[in-house]
Amino acid sequence: MTSRTLAATAAAFHAFYDLNHFAYRDYAGALLPTDEAHILVTHVFTLLATDWPRVIGRPNPAAFAWALFTHHIALRTGTPRTPAQDAALLYDTLHHSINTIATLTGTEPTLVGTLITATRR
């Protein structure tokens, strides 16, 4: 990689981090004790940074990052969550908009709305 490519890759990671870090932290904090949530979010972002060129080479980097994050949440809580449960937690409890949830999880906004509706039946 050239120094320009490395700088662009680092900038892309920092932009992703800035966009998502607080939402990841809030989500983890809703399911885990505060200290454990902080450690888990730091760990996941470290994993993503370490392999960032391959992460952004995937068809949907946000979905990949969210899947990695929720996998680690499931390991810590002992209970995997469904996409509908994730959407409901993000929307109803953490008060994120449907568009923010879509961006965060790498999901289409219409699907996010459908998932939220499904939890209310």
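Before any of the text, the structure's been laid out above.
Residues numbered from 1 in each chain as written. Predicted model: local features only at pLDDT ≥ 70, side-chain atom pairs only at ≥ 80, totals over all residues. Heavy atoms only, no water.

**Q** What exactly am I supposed to notice about the overall build of the protein here?
**A** Regarding its fold elements, the protein presents seven helices and zero strands. Its C-alpha radius of gyration of 15 Å places the protein within 12% of the 14 Å reference for a compact globule of 121 residues. Principal-axis analysis of the C-alpha atoms places the extent of the protein at approximately 55 × 35 × 20 Å. Out of the 121 residues belonging to the protein, those deemed buried represent 35%. Here the contacts in the protein between residues at least 6 apart in sequence split such that 67% fall between residues at least 24 apart. Only carbon and sulfur atoms are counted for the fraction: they give 59% of the accessible area of the protein, which is about 7,100 Å². (Helix = DSSP H or I, 4+ residues; strand = E, 2+ residues; numbered from the N terminus. Rg over C-alpha atoms; globule rule 2.2 N^0.38 Å. Buried < 20%, exposed > 50% of the residue type's maximum accessible area, 1.4 Å probe, protein only. Contact = heavy atoms within 4.5 Å. Areas by Shrake-Rupley, 256 points an atom, 1.4 Å probe, with all protein chains shown as cover.)

**Q** Got a minute to help me understand the packing of helix α5 (residues 83-93) against helix α7 (residues 109-119) in this structure?
**A** In a pair of packed helices, the angle between the axes and the distance between the axes together describe the arrangement. Across the interface, α5 lies against α7 with an axial gap of 8 Å and an inter-helix angle of 90°. When the axes of α5 and α7 are compared, the pair comes out roughly perpendicular. Every residue of α7 that contacts α5 at Pro 83, Ala 84, Gln 85, Ala 87, Ala 88 and Tyr 91 is listed here: Val 112, Leu 115, Ile 116 and Thr 119. (Axes fitted to C-alpha atoms, helices over the stretch in contact; angles between N-to-C directions. Parallel < 35°, antiparallel > 145°, perpendicular 65-115°, else oblique.)

**Q** I keep staring at unusual backbone geometry and nothing clicks. Help me out?
**A** Trans is the common state for peptide bonds, and a negative phi is the common state for residues other than glycine. The backbone phi angle of His 95 is positive, close to 60°, even though this residue is not glycine. Turning to its location among the elements, His 95 is positioned in the loop between α5 and α6 (98-105). Judged by relative accessible area, His 95 falls into the exposed class, the value being 64%.

**Q** Help me out: how do you make sense of the environment of Gly 57 in this one?
**A** Mapping Gly 57 onto the fold places it in the loop between α3 (52-56) and α4 (61-77). For Gly 57, a relative accessible area of 62% translates into the label exposed. Along the primary structure Gly 57 and His 14 are separated by 43 residues, whereas in three dimensions their C-alpha atoms are 16 Å apart.

**Q** Any chance you could explain the pattern of salt bridges here in plain terms?
**A** A pair can form between side chains of opposite charge whenever their charged atoms are brought close. According to the stated counting rule, one finds five salt bridges in the structure shown. Close ionic contact of Arg 25 with Asp 26 constitutes a salt bridge, the shortest N to O distance being 3.0 Å. Here Arg 25 falls in the partly exposed class, since its relative accessible area comes to 34%. The exposure class of Asp 26 is partly exposed, given its relative accessible area of 31%. (Salt bridge = Lys/Arg side-chain N within 4 Å of Asp/Glu carboxyl O.)

**Q** Which parts of the structure should I look at to understand the nonpolar core?
**A** Nonpolar side chains in soluble globular proteins generally cluster together in the buried interior. With 30 residues, the main nonpolar core has Tyr 24, Leu 48 and Phe 69 as its most contacted residues. For this core, the secondary structure elements donating two or more residues are α1 (3-31), α2 (34-50), α3, α4, α5, α6 and α7. Contact partners of Leu 48, with chain neighbours within four places excluded, come to Phe 13, Phe 16, Val 55, Phe 64, Ala 65 and Leu 68. (Core = buried A, V, L, I, M, F, W, Y, C linked by side-chain atoms within 4.5 Å.)

**Q** Sorry, what's going on with the environment of Pro 80 here?
**A** Mapped onto the elements, Pro 80 comes out in the loop between α4 and α5. By relative accessible area, Pro 80 is classed as exposed at 61%. Separated by 29 residues in sequence, Pro 80 and Pro 109 place their C-alpha atoms 22 Å apart. Once residues lying within four places of it in the same chain are set aside, the contact partners of Pro 80 are Ala 74 and Gln 85.

By themselves, these are just geometric observations and shouldn't be taken as functional.
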